[in-house]
Amino acid sequence: MNRWLWPLTGVFVLASAYAKWQHLPELVLFLLSCAAIIPLAGLMGRSTESIAARVGPRIGGLLSATFGNAVELIIGIFALKSGYITLVKASITGSILGNLLFVLGLSFFVGGIRHPVQRFNTSAARSNAGMLLLGVGVAYIVPAIFAGSAPGQSLALSGTTAVILFLVYGAGLFFSLFTHADLFQYITTEEAKEGHWRFRSAVIVLCVATVLVGVESDWLVDGVRAVGQNLGWSEMFIGVIVVAVIGNAAEHASAVWMAWKDRMDLSLEIAVGSSLQVAMFVAPVLFFASCLMGHAMPLLFSWPELASMGAAVLLVIILMIDGESNWLEGAMAVGAYIVMAVGFYTLRG
Amino acid sequence: MNRWLWPLTGVFVLASAYAKWQHLPELVLFLLSCAAIIPLAGLMGRSTESIAARVGPRIGGLLSATFGNAVELIIGIFALKSGYITLVKASITGSILGNLLFVLGLSFFVGGIRHPVQRFNTSAARSNAGMLLLGVGVAYIVPAIFAGSAPGQSLALSGTTAVILFLVYGAGLFFSLFTHADLFQYITTEEAKEGHWRFRSAVIVLCVATVLVGVESDWLVDGVRAVGQNLGWSEMFIGVIVVAVIGNAAEHASAVWMAWKDRMDLSLEIAVGSSLQVAMFVAPVLFFASCLMGHAMPLLFSWPELASMGAAVLLVIILMIDGESNWLEGAMAVGAYIVMAVGFYTLRG
Amino acid sequence: MNRWLWPLTGVFVLASAYAKWQHLPELVLFLLSCAAIIPLAGLMGRSTESIAARVGPRIGGLLSATFGNAVELIIGIFALKSGYITLVKASITGSILGNLLFVLGLSFFVGGIRHPVQRFNTSAARSNAGMLLLGVGVAYIVPAIFAGSAPGQSLALSGTTAVILFLVYGAGLFFSLFTHADLFQYITTEEAKEGHWRFRSAVIVLCVATVLVGVESDWLVDGVRAVGQNLGWSEMFIGVIVVAVIGNAAEHASAVWMAWKDRMDLSLEIAVGSSLQVAMFVAPVLFFASCLMGHAMPLLFSWPELASMGAAVLLVIILMIDGESNWLEGAMAVGAYIVMAVGFYTLRG
């Protein structure tokens, strides 16, 4: 797949620039910038990994943990700037649901077709289970219920929640990179087998790709209204499905590929780790960014979003807590994702 | 117990026919047809098992998985025909709660009186845990919350959910009968020890009993209004408690009997398997049947039903996920059932 | 710490009596009686343990299980007498949250700083997990949803729930002290190492401390209104945080101390056992007491309380079900507690 990243990037970046320059319809620009971001996200991912591999496991781990969802963050900031608050929150929801149910489900399913039972590290799975319940269940659902009883206080509550999520996410990094690094050794060892780029090339690719993702995100956000008018999709549906998919597509492909090769620990690390990163790092950063921009976005999600996230967290905890997976478990998670995706589609009215 | 099935069936079928012929009060006809369905359901269950035992484990497994809750389905179709939509949904809820909390709880309790700790297959328990969360938690609770935000779309959502439930239920059968049949071997082996009827007798009994259940269901449904007026029971209470109990009584007795004999895997298979069958097969079939009849029944339950099902699923998952049971765990499940039953009784107003 | 109990008790009991006698401002009396109850609760705890140690494990176990949260009960009864129903329910919520999240979290965190991984008895943890789901999740959340649909019936439902909680709590004692006492042997053995007071001294201390707690509770309740006016704290915040903390402070300290000494089974027994006792024994007793007093308090909590308790129960179940803890799990629980405490603070309006 990696062989295709460069030409795809070139084609879609140029095509979207041409569409912008020629003032082609906004829907066309939207679709082309979506198409450009997918391989750009792949390049950012590979260059981050290459840099991480050179700077040693600890700083590398920190790098991956902060840059791993940079595309989400960039699109989110441009969308916030244009006032698309529903879209930003929906893309957070969509990333969490997509990673937990669709990517993990597809990994379990595809891996399970080839291997009857696949095993993975249970202590990592259990640590992640607690983080998911705290970072998604407690931190998003509980404040929403408080806010229903004390509507004027939602910013204070979102601020506290964002700080706590930040601190616990940081504590989790400290745990996995410093105090209990030995528990997570197996992932580093596996990853080391991958071929990486040179340090200098990786840094240059990362910088250029980041700038291009910013430009394309700007164009993408400009087209959201046009998409709503032409295709009848709601801001929430665009956020939950479209933005979330393009921000994570490259990552998704590699999680499924790892599962096919029976490297389930890496597959889980990508899918669950990425959900946690969005919930506990990207979402708080976007909250603080929105405060700096002057129109604060409280971290209060709609009930369909909260119910979907809560159900996804519980289902994934049950599926992964025994340290084993099979294709049926994958089918369950993908089935749950489809029910939710159709649900968000019906909200278009 | 089996010795009593025939005479009980004869007595109550004749008595209810006499009541119908003599135009006795509808309440009497209701009670007699309830009494007739219980042993008829027992005969249907035994004949299905006997047929299943002759046709080999795979087709037999498919047969049990489709005919196991035929009584529910027949009563449901007659109730739908008369427009008792609340009753039909309540009987689905009641079957799930009754099997999960009352039957499983009583099995754990009765078995636990004789055996301090009872053990059962953990991989089946964990697979069932995922199915319960998907089939009851996700598929019923999440769409209800979406429907609250997009009221006009509930049929589209129920249709999607029904199809997904159907497919995942089918996938579960394929998993347990084909790709991972070895994991479920222990149940087949245990079951083979039972005495079975001859193939031809079993087919005849199944056909006759099915027709009689249909007739009795028709009479039972006719009496629902009279019961409401005479006893003050709501349609929901009749559905959750009365219909659910008579549809499952024979099965319930055998689950508890298996637990007493320390054959917990069979006991769980009956209780949890039956809940899953109602949630993922009977409910979708009734939904499609209602669409064909012209007055569609969305699979949207009331909040008391959803809360009870959600709580029941989580409690049962926690009780069974360690692969061990004792009498106290049984008491917890039965206690939860009583709280819910009283709750449904208070809704009579 | 124990060395300080006596002088602290003396100082604060005398100071609060002086404040009462001199008609000092109610806020001062409130703070001094809070300060007096903390060491008095410690004395009651130690004397109960000493008596329990002399009368053998079974009667001793029953004693601890009924007197362990006597302070909660006494404050609750005085608050009921003055009609502070929100305060009483909030103190039940606060005890459950404080024990489950703050005390258990701090124990995991403090113990985890010294010991990389701490292990505890998994069968006790799983039994407690079921009890927590039943006693808090099912018994409080499900009736609240029924009451929303049948508002007139909340007392009937609370009464049933209270009786069921009582019976299952009693069944749990019978289980741990009689039928399955061997499973819980490890706790008794560990506890026996502690130094205890003489029987007669312990009985005298218990009686005097109980009377003094009653007097101080009366003064404390008198000051609640003044605290609301002077500090802007709501009845709910005072109940969830202040009353819950002073009723459990002595116990809390010893749970954390046990974790530091790597005696996690005792630490869990204090934190989780105390939550269960409040939910399944203290709350029903207060409900029946309120009925006797003539202004019945239905066991129906506000949505923020229910959401917090539900989330706390699920999080703690996931953290303890694997029988292992580390400092990060502690940080997660404490983080969840802080989010909730801030949430209750924002409800002051």
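Residues numbered from 1 in each chain as written. Chains lettered and ligands numbered in written order. Predicted model: local features only at pLDDT ≥ 70, side-chain atom pairs only at ≥ 80, totals over all residues. Heavy atoms only, no water.

Heads up, the condition is: UniProt positions are given in the numbering used here, feature names are shortened, and annotations may be inferred rather than shown by experiment.
If you look chain A up in an unreviewed UniProt entry, it shows as Ca(2+)/H(+) antiporter from Alicyclobacillus cycloheptanicus. The heading Sequence similarities (unreviewed entry) in the UniProt record of chain A holds the text "Belongs to the Ca(2+):cation antiporter (CaCA) (TC 2.A.19) family." Listed in UniProt under the heading Subcellular location (unreviewed entry), the comment for chain A reads: "Endomembrane system".

Description of a nonpolar patch on the surface
Residues and elements named next belong to chain A. The following threshold applies: Like charges are joined within 9 Å and nonpolar side chains (Val, Leu, Ile, Met, Phe, Trp, Tyr) within 5 Å, but only among residues with over 30% relative accessible area and no salt bridge; these make up the patches. Note on areas: these come from Shrake-Rupley sampling with a 1.4 Å probe, and a residue is covered only by the protein chains present in the view. Any carboxyl oxygen of Asp or Glu that lies within 4 Å of a side-chain nitrogen of Lys or Arg is treated as forming a salt bridge with it. A run of H or I in DSSP becomes a helix once it reaches four residues, and a run of E becomes a strand once it reaches two; helices and strands are each numbered from the N terminus. Residue burial is assigned from relative accessible area. The probe radius is 1.4 Å, only protein chains are included, and a residue is buried under 20% of its type maximum, exposed over 50%, and partly exposed in between.
Together, Y18, W21, L24 and V28 make up a nonpolar patch on the protein surface, roughly 430 Å² of accessible area in all. Looking at where Y18 falls in the secondary structure, it is placed in helix α1 (residues 5-21). The class for Y18 is partly exposed, based on a relative accessible area of 47%.

A closer look at the environment of V211 of chain B
With respect to the secondary-structure elements, V211 of chain B resides in helix α9 (residues 199-222). In this structure V211 of chain B comes out as exposed when scored by relative accessible area, which is 56%.

A word on the interface of chain B and chain C
We count it as follows: Contact criterion: two residues are considered in contact whenever any of their non-hydrogen atoms come within 4.5 Å of each other. Computed with a 1.4 Å rolling probe, the buried area is the accessible surface lost when two parts are put together, summed over both parts. Residue polarity follows a fixed list, in which Ala, Val, Leu, Ile, Met, Phe, Trp, Tyr, Cys and Pro are nonpolar, Asp, Glu, Lys and Arg are charged, and the others, Gly among them, are polar.
Contacts between the two partners involve 26 residues from chain B, matched on the other side by 29 residues from chain C. Where chain B abuts chain C, roughly 2500 Å² becomes buried across the two surfaces, and 85% of that area is made up of carbon and sulfur atoms. Seen at the junction of chain B and chain C, the total is zero salt bridges. Breaking the side of chain B that touches chain C down by element, the ones donating at least two residues are α13 (303-320) and α14 (327-346) of chain B. Among the elements that take part in the side of chain B that touches chain C, α14 of chain B stands out by supplying 13 residues, more than any other. Here the residues of the side of chain B that touches chain C are counted per class, giving 20 nonpolar, five polar and one charged.

Points about the relation of the copies chain B and chain A
Condition: Here the copies are matched by least squares. The fit uses the C-alpha atoms of residues with pLDDT of at least 70 in both.
Once chain B has been moved 0.0 Å along the axis and rotated by 120°, it coincides with chain A to within an RMSD of 0.0 Å. Taken together, the turn and the small shift mark the pair as related by a three-fold rotation axis. Minimal C-alpha separation from the rotation axis in chain B is found for L314 of chain B, amounting to 5.5 Å. Little of the interface of chain B is mirrored in chain A, where only 3% of its interface residues are also at the interface.

Description of the environment of V334 of chain C
Tracing the backbone shows V334 of chain C in helix α14 (residues 327-346). Among all residues touching V334 of chain C, those that are not within four sequence positions of it are L101, F102, G105 and L106 of chain C.

Focus: the confidence of the model for chain A
Detailed reading of the predicted coordinates is not advisable wherever pLDDT falls low. We count it as follows: The score called pLDDT rates the predictor's confidence residue by residue, from a low of 0 to a high of 100.
Of all residues in chain A, 96% attain a pLDDT of 70 or more, and the chain-wide mean is 87. For this predicted complex, the interface score ipTM comes out at 0.91, while the overall pTM is 0.93.

Here's the deal with the packing of aromatic side chains
To be explicit about the condition: The aromatic pairing rule takes the rings of Phe, Tyr and Trp, using the six-membered ring of Trp, and pairs them if the centres are within 6.5 Å, calling planes under 30 degrees apart stacked, those over 60 edge-to-face and the rest tilted.
All told, the structure shown has 48 aromatic pairs over all chains when counted by the stated rule. Measuring from ring centre to ring centre gives 5.1 Å for F237 of chain A and Y345 of chain A, while their planes differ by 70°; the resulting arrangement is edge-to-face. You can see F237 of chain A sitting in helix α11 (residues 235-260) and its partner Y345 of chain A sitting in helix α14 (residues 327-346), a full 108 residues away along the chain. For Y345 of chain A, a relative accessible area of 33% gives the class partly exposed. Put simply, the rings of F109 and W327 of chain A together with F174, F175 and F178 of chain B pair up and form one aromatic cluster.

Focus: empty space enclosed by the protein
Threshold: Only protein atoms enter the 1 Å grid, on which a cavity is a set of points fitting a 1.4 Å probe that cannot get out and a pocket is an open set with protein on both sides within 12 Å along at least 5 of 7 lines, lining residues being those with an atom within 4 Å of a point. Grid points are joined across faces, edges and corners, and a volume is the space filled by probe spheres set on the points.
Applying the stated criterion to the full structure yields three cavities of 30 Å³ or more. Here the largest cavity is characterised by a volume of approximately 310 Å³. Around the largest cavity sit 19 residues that line it, and I318 and I321 of chain A, I321 of chain B together with I318 and I321 of chain C are the ones nearest its centre. For the lining of the largest cavity, the secondary structure elements donating two or more residues are α6 (122-149) and α13 (303-320) of chain A, α13 of chain B together with α13 (303-320) of chain C. Looking at the lining of the largest cavity residue by residue, the classes come out as 13 nonpolar, no polar and six charged.

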